[in-house]
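Results of the structural survey
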Amino acid sequence: MARFPGRSWAPSDPGAAGSTSASRSTGTAAGSPGGHPHGRHQRSRTARPASARVRSVAGQVFALQVLVVLLLVVAAVVALLVQSRNDARQEATNRSVAVAQTYANSPGIVAALRSPDPTALLQPSAQSARINAGVDFIVVLDTDGIRLTHPNPERIGQKVIGNYQPALAGQVVTEQVKGTLGSLVQAIVPVHAPNGQVVGMVAAGITIANVSSASERQLPVVLGAAAAGLALATGGTALISRRLKRQTRGLGPAEMTRMYEHHAAVLHAVREGVLIVGGDGRLLLCNDEARRLLDLPPDAEGRPLTELGLEPAPLELLADGRTVTDEVVLAGERLLAVNVRPTDRDGGPPGSVATLRDSTELLALSGRAEVAQRRLRLLYDAGVQVGSTLDVTRTAEELAQVTVGRFADIVTVDLAHEVLEGDEPPSGGSLRMRRTALAAVRDDAPFYPVGTVQEVAPSTPLAGALSSGLPGVEPRLADAVGWREQDPEAAARVLAYGVHSLVRVPLKARGVLLGIARFWRTEGSEPFEEDDLALAAELVAHAAVCVDNARRYTREHAMAVTLQHSLLPRSLPEQNALEVAHRYLPAQAGVGGDWYDLIPLPGARVALVVGDVVGHGLHAAATMGRLRTAIHNFSTLDLPPDELLGHLDELVNRIDLEESATGGSAAVTGATCLYLIYDPVARRCTVASAGHPPPALVRPDGSVVFPELPTGPPLGLAVLPFETVELEVAEGSRLVLYTDGLVEDRERDIDEGLELLRAALTGPPRTPEQTCADVLGAMLPERPQDDIALLVARTRGLPAERVAEWEVPSEPAAVAGVRAAVAERLERWGLTEAAFVTELILSELVTNAIRYGTGPIRVRLLLDRSLICEVSDASSTSPHLRYAATTDEGGRGLFLVAQFADRWGTRYTATGKVIWTEQPLE
């Protein structure tokens, strides 16, 4: 109840009966039966007992404020000491890591570690580096953890104490240990050889006591400032306490607490409106229920009743001041029962007290039914709209959008950072949240934007909700304190914006805490109540399951994409026969089994490959990887395209048989492949297809043709051998290989797609990169349903002056002539230094062909990225490398060839074989 000037609502002091203080001028004693209650306030202050002065509010506030200042000073000093210790430990760690890495990367350390006596080479430099760096020790270790250097020579050769295993894997290890020098921080870093191998380790350390901290140097300043602040705070607190003591009239804490408890109970605990009207017709006080029932403005207190926009009937009752009991009046759509009592009885101030009670029971019942219907409709809409996609972010946005304006004015959804990546958050709950969705009825809501990462303060209600997984409600945010600790400045902006109520519900599904959803209400909306928690919990529970499903999908999709990318070529190998550009576009959902490849072959030739495994997901990606690896292996045998596809078909059949025998489900359901070999010397292409669309050949004049290929069945279904087609390809032509995702989808058949591809390729000459861009720009579907692999290669020819060829008679005497001709050609090419090795290689190969082969015998030299030597004959017998015994007179020819050549091998042709070697040009 309000307290009016000149009247005390506190009970009289029992000890006042014997007081000798004078009463008011009426002459009535303060303790007499007919005494006025004002007598308590007129008692002399000097006559109050000493215990009352000590127990006064002013005295307690003085003591409390001094105690708070002391606690703040102590907390500041403790925080500074803790910070100093942390700074020292961090500084020791940084210096140890820097010194260890600097010494590990110093010149000559790798050579010293590999020397016969590393200690003799490294001990002096380690000691010098330790002194110059100001650390306590620098120790060089071998890969077994044995000390090679140490400040104490007696410890050289002993095993190091500490965890050095991660350093052998290339990581930096830092740890705080208790050594003979005291508490110290040591760092162990690997020493890498030029090839990336870890050949040793370097450990460096420094004691924490030797590291000075700037915080320690500031301690005297902080203590001096704290003493000055304590003195100022004590003086200011004393002045404020004297002023407070005068204003509280010396009331004790119990009396003031009881008075304000009664005041709060009357104004806020009852479900009736309470108004106090002064004698001049101004509204002195009203509670929240009265504001609601009469629709009073926020600044109603202190204004005349006639300016508050009240209905005529309640205005007349409140302004009249007469006694009224349960008189029912109409105020808008409400029926109010009004009681009015005057306040000037027993000498009180003029005015009246009115209570209002809403008696519109039927209206209230219908309102509750309408609320229940709206909630059911909201639950239904949320079940339909939330979780429409398998996207974590989109699911959070759907939850915010379906509830804003219907359940809350502002909705925020924060998810753990790990959830957005598809991983599970830590078991204890993540305290690092990312703002994933924000929806509000207005665009100027003062909340963190989407994408903001928040570190949740451990002591806040938000952290409590995340750790317990239980929802919570803050009906009046202005009265709550804990939630402000997360960000006081942001909390102030939220309150200033008009946000007054909050419901927080953790997103938890299958025992995993994923994040938290918060619902906010602003001015003009009713505060949240406990009943709203059940609705919010149901909404968030459904959304949590959808978010978890999306998270699991994200994780599986990321695994599949990672596997697929690891199986596709990172970069294409260097070669001179083709200028190549490529594109790979995954399908909109899932990963597929499309792939492409470029494989250099002997004789300056290049193989181009495209393929497609039917289906999507991990199985398709894994199958693609197996087939691609098999093609690389078969290509090393230098097989013709038809034979290579035949071996690949047998491999697919074996995979299917193994899966069928073991009851597995990883059988290859279908795969197509196109294998093309381009020879820049002959400027010819050899092509074979296993159920794959034909390549496009763009001639130098800009015309486009699709060669007629005997397209065989897909891999695993072949019953007849594959066929090969040879094509003449002019220099500067473009070969375009692709998968069916480019030319075929649900909206067009393959013939229409091939015509679109022809139109996109027709035109003036373009680079392969520009060709890829033009083709995808013209043909890429808006929502690709299948993977697309595109490979464009512009042909180059090996100039005739870089090719030399001779026919050799089947006579041993012809070897000398070949050697002379080869030496002359190498001199013309500027490769005189390679003449000796080349003559030796050709001598051995030609001699073997004459001795063991059949004519005709030909020798060919190719000058490409390397020097290629080829010796061909009509025999299909391949030589084998062997190690001759010391007593053998022969058998060392191929061994010498293998030693001098960078690579060598045998390629079979329709008329015999070719033995080739490659020599680097450096």
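It should be noted that the structure appears before, not after, this text.
Structure report, in brief. Quantities reported herein were computed from a predicted structural model and do not represent experimental measurements.

1. Regarding the overall build of the chain
A count of helical and extended segments in the chain gives 24 helices and 30 strands. Within the chain, counting contacts between residues at least 6 apart in sequence, those at least 24 apart form 61% of the total.

2. Things to note about the pairing of strand β19 (residues 671-679)
Of all the nine residues making up β19, nine are buried; the element is thus mostly covered by neighbouring parts of the structure. Residues A671, C673, Y675, I677 and D679 point to one face of β19 and T672, L674, L676 and Y678 to the other, with burial holding for every one of them. Note: strand β18 (residues 606-613) against β19, eight bridges, orientation antiparallel. Looking at the pairing, V606 lines up with Y678 of β19. Where β19 meets strand β20 (residues 684-690), seven bridges bridge the pair, whose relative direction is antiparallel. Bridged to Y675 within β20 is A688.

3. Considering the pattern of salt bridges
Enumeration over the complete set of coordinates arrives at 38 salt bridges. Of the charged contacts in the structure, one is a salt bridge between R357 and E272, with a shortest N-O distance of 3.6 Å. One end of the pair, R357, is in strand β9 (residues 351-358); the other, E272, is in the loop between α8 (253-269) and β5 (273-278), and 85 residues separate them in sequence. Here E839 ties to R819 by a salt bridge, and the two come within 3.5 Å at their closest N and O atoms. Note that E839 is positioned in helix α23 (residues 835-852) and R819 in helix α22 (residues 814-828), a separation of 20 residues in sequence. Judged by relative accessible area, which is 36%, R819 ranks as partly exposed. Counted as one network, the salt bridges with shared partners bring together R605, D638, R860, E870 and R907.

4. Examining the sheet that holds β5
A sheet is described by the order of its strands in space; here five strands give the open sequence β6-β5-β9-β8-β7, paired in antiparallel fashion. The strands lining the two open edges of the sheet, one partner per strand, are β6 (283-286) and β7 (324-331). Neighbour-to-neighbour, the strand axes of this sheet turn through a mean angle of 25°, independent of strand direction. In this structure, β5 lies alongside β9, joined through six bridges in antiparallel fashion. What sits directly across from V277, in β9, is S352.

5. Describing the sheet that holds strand β2 (residues 173-179)
Taken in spatial order, the four strands line up as β1-β4-β3-β2 in an open sheet, and their pairing is antiparallel. Lying at the two open borders of the sheet, with one neighbouring strand each, are β1 (137-141) and β2. Here the strands of the sheet are splayed against their neighbours by 25° on average, with no regard to which way each runs. Where β2 and strand β3 (residues 182-192) come together, seven bridges link them in antiparallel fashion. Bridge pairing in β3 links Q176 to V185.

What counts, and at which threshold
Starting afresh in each chain, residues are numbered from 1 along the sequence in its written order. Totals for whole chains, interfaces and linings use every residue, but because this is a predicted model, local features are given only for residues with pLDDT of at least 70 and side-chain atom pairs only at 80 or more, for both listing and counting. For side-chain calculations, the full set of non-hydrogen atoms in the structure is used, while hydrogens and water are omitted. Starting at the N terminus, helices and strands are each numbered in turn, a helix being any DSSP run of H or I of at least four residues and a strand any DSSP run of E of at least two. Residue contacts are defined here by distance: any two heavy atoms, one from each residue, within 4.5 Å place the two residues in contact. Each residue's exposure class comes from its accessible area (1.4 Å probe, protein chains only) as a fraction of the maximum for that residue type: buried when under 20%, exposed when over 50%, partly exposed otherwise. Being paired, for any two strands, means DSSP has found at least two bridges between them. Throughout this description, the term salt bridge denotes a Lys or Arg side-chain nitrogen within 4 Å of a carboxyl oxygen of Asp or Glu. As a rule, the C-alpha atoms of each element are fitted with a line to give its axis, helices using only the stretch in contact, and angles between N-to-C directions run from 0 to 180 degrees.

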